[in-house]
Amino acid sequence: MNPGSVELGSVDNAFSQGGNRLCFIHPEDPTRCIKVLREDRSPAIKRGETYFPKNLKPLKYFNDNLQEASVYRKIDQCVGEPAYELIPRCYGFVETNLGPGLCSDMIRDSDNLISITMKQYIWTYGKDARINGALQSFGERWAELGMPSRQLLLHNLVVRCVDSVPVQLYLIDGLGWPDLVPLAYWSKRLARKKAGRRVVSLHHAIDRLLHIKHNKQDYGPHGWLLPDERRAV
Ligand SMILES: Nc1ncnc2c1ncn2[C@@H]1O[C@H](COP(=O)(O)OP(=O)(O)O)[C@@H](O)[C@H]1O
Ligand SMILES: [Mg+2]
């Protein structure tokens with residue numbers, strides 16, 4: 001390993017993973033997290049699963065870390081500082097023993113445990129009055145700022161709680177307009193309209209999750225943290 005490279009240990013040290021990346025607590029700074037690509041979801045594998053004409057795109061389009069870093073640069077230009085009320089700050093790439101890692105703020109509750117996802121919160125507590133307040137503020141601000149994203153997925157939102165009360169939601173994945181020609185980066189009016197629609201869909205996604213739970217169906221593979229995975233510093 002190169003000197004200066006961050007040692008994350010084995011993949012089992014990840015506190016969480018999504019469909020594409022493994023997430024680690026930064027070993028030298030627990031206020032930050034480092035995400036590396038899953039080996040079984042490499043850009044080449046992902047590209048291999050797509051069809052013409054998408055499979056002609058260069059590999060970097062299938063690298064979630066590179067895409068996310070590039071969207072952060074666009075957000076800095078189009079939205080600026082207020083965006084960080086709604087997304088973690090991103091500190092760029094660090095070299096790790098598991099490949100290039102994208103480093104960002106770890107969202108933690110006031111007791112220092114890693115915050116749970118919106119999916120886990122709704123599944124556990126339902127759509128209670130407390131989450132409604134945080135959801136309302138998040139939605140209004142998201143639309144007002146015209147934040148660029150794909151659909152707002154419940155396992156890509158985390159709920160920061162202070163003394164067990166949800167105070168702020170953060171989108172930790174799924175940033176960027178997915179359109180072939182993403183005009184909304186240049187038109188604030190269009191961005192606001194599209195972001196507003198994402199918020200409406202988010203409310204529908206919550207209703208769907210509650211329906212799934214009510215019918216005793218499966219939670220699904222992603223977005224659940226066990227107590228020891230939320231481990232404090
Ligand atoms: N900055 C963060 N703060 C707290 N938890 C996070 C953060 N980033 C990711 N997570 C947790 O890790 C999970 C997977 O992260 P994600 O970035 O969505 O991976 P993927 O890109 O593979 O979908 C999330 O559902 C969330 O529980
Ligand atoms: Mg995700």
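See the structure above.
Rules of the game
Per chain, residues are indexed from 1 in the order of the written sequence. Think of it this way: whatever chain is written first is A, whatever ligand is written first is 1, and the rest follow in order. Note on the predicted model: pLDDT of at least 70 is required for a residue's local features to be given, and 80 or more for side-chain atom pairs to be given and counted; whole-chain, interface and lining totals, by contrast, use all residues. Excluded from the side-chain calculations are hydrogens and water; all other atoms, namely the structure's heavy atoms, are used. In this scheme Phe, Tyr and Trp rings, the latter by its six-membered ring, pair at centre separations within 6.5 Å, and the angle between planes marks the pair as stacked below 30 degrees, edge-to-face above 60, and tilted otherwise. Working definition: helices are DSSP H or I runs of at least four residues, strands are E runs of at least two. Numbering for both runs from the N terminus. Categorising residues by exposure relies on relative accessible area from a 1.4 Å probe, with only protein chains included: less than 20% of the type maximum marks a residue as buried, more than 50% marks it as exposed, and the intermediate range marks it as partly exposed. Note on criteria: charge over ring means Lys NZ or Arg CZ within 6 Å of the ring centre, with the direction from the centre no more than 35 degrees off the ring normal. We count a salt bridge whenever a side-chain nitrogen from Lys or Arg sits within 4 Å of a carboxyl oxygen from Asp or Glu.

## Details of the packing of aromatic side chains
Both the distance between ring centres and the angle between the ring planes are used here to describe each pair of aromatic rings. Summed over all chains, the structure comprises six aromatic pairs. For the ring pair Y72 and Y84, a centre distance of 6.4 Å and an interplane angle of 15° mean the geometry is stacked. With Y72 in helix 2 (residues 64-78) and Y84 in the loop between helix 2 and strand 4 (90-96), this pair connects stretches of sequence that are twelve residues apart. A centroid spacing of 5.1 Å and a plane angle of 90° characterise the contact between W123 and Y219, whose relative ring orientation is edge-to-face. With a gap of 96 residues between them, W123 in helix 3 (residues 118-125) and Y219 in the segment after helix 5 (188-214) connect regions that are remote in the sequence. Per residue, the accessibility class of W123 equals that of Y219, and both read buried. Taken together through their ring pairs, the aromatic side chains of W123, Y219 and W224 make up a single cluster. Across the ring face of Y84, the terminal group of R89 is positioned such that the distance to the ring centre comes to 4.5 Å.

## A short note on the pattern of salt bridges
With the rule as written, the count across this model stands at eleven salt bridges. Linking R32 and D29 is a salt bridge whose minimum nitrogen-to-oxygen distance equals 3.6 Å. On the basis of relative accessibility, which here comes to 26%, the residue R32 falls in the partly exposed class. Between E81 and R89 there is a salt bridge, with the nearest N and O atoms lying 2.3 Å from each other. On the basis of relative accessibility, which here comes to 52%, the residue E81 falls in the exposed class. The exposure class of R89 is partly exposed, given its relative accessible area of 31%. Each of R21, E68 and D173 takes part in one network of salt bridges that share partners.

## Description of unusual backbone geometry
Most of the time, phi is negative for any residue but glycine, and the peptide bond is trans. F52 connects to P53 through a cis peptide bond whose omega is 0°. With respect to the helices and strands, the residue P53 is situated in the loop between helix 1 (43-48) and helix 2. We note that S164 has phi near 70°; this positive angle belongs to a residue other than glycine. Here S164 lies in the loop between strand 7 (157-162) and strand 8 (165-171). S164 sits in the exposed class, given a relative accessible area of 57%. One non-glycine residue with positive phi stands out, namely K216, at about 55°. With respect to the helices and strands, K216 occurs in the segment after helix 5. You can call K216 exposed: its relative accessible area is 74%.

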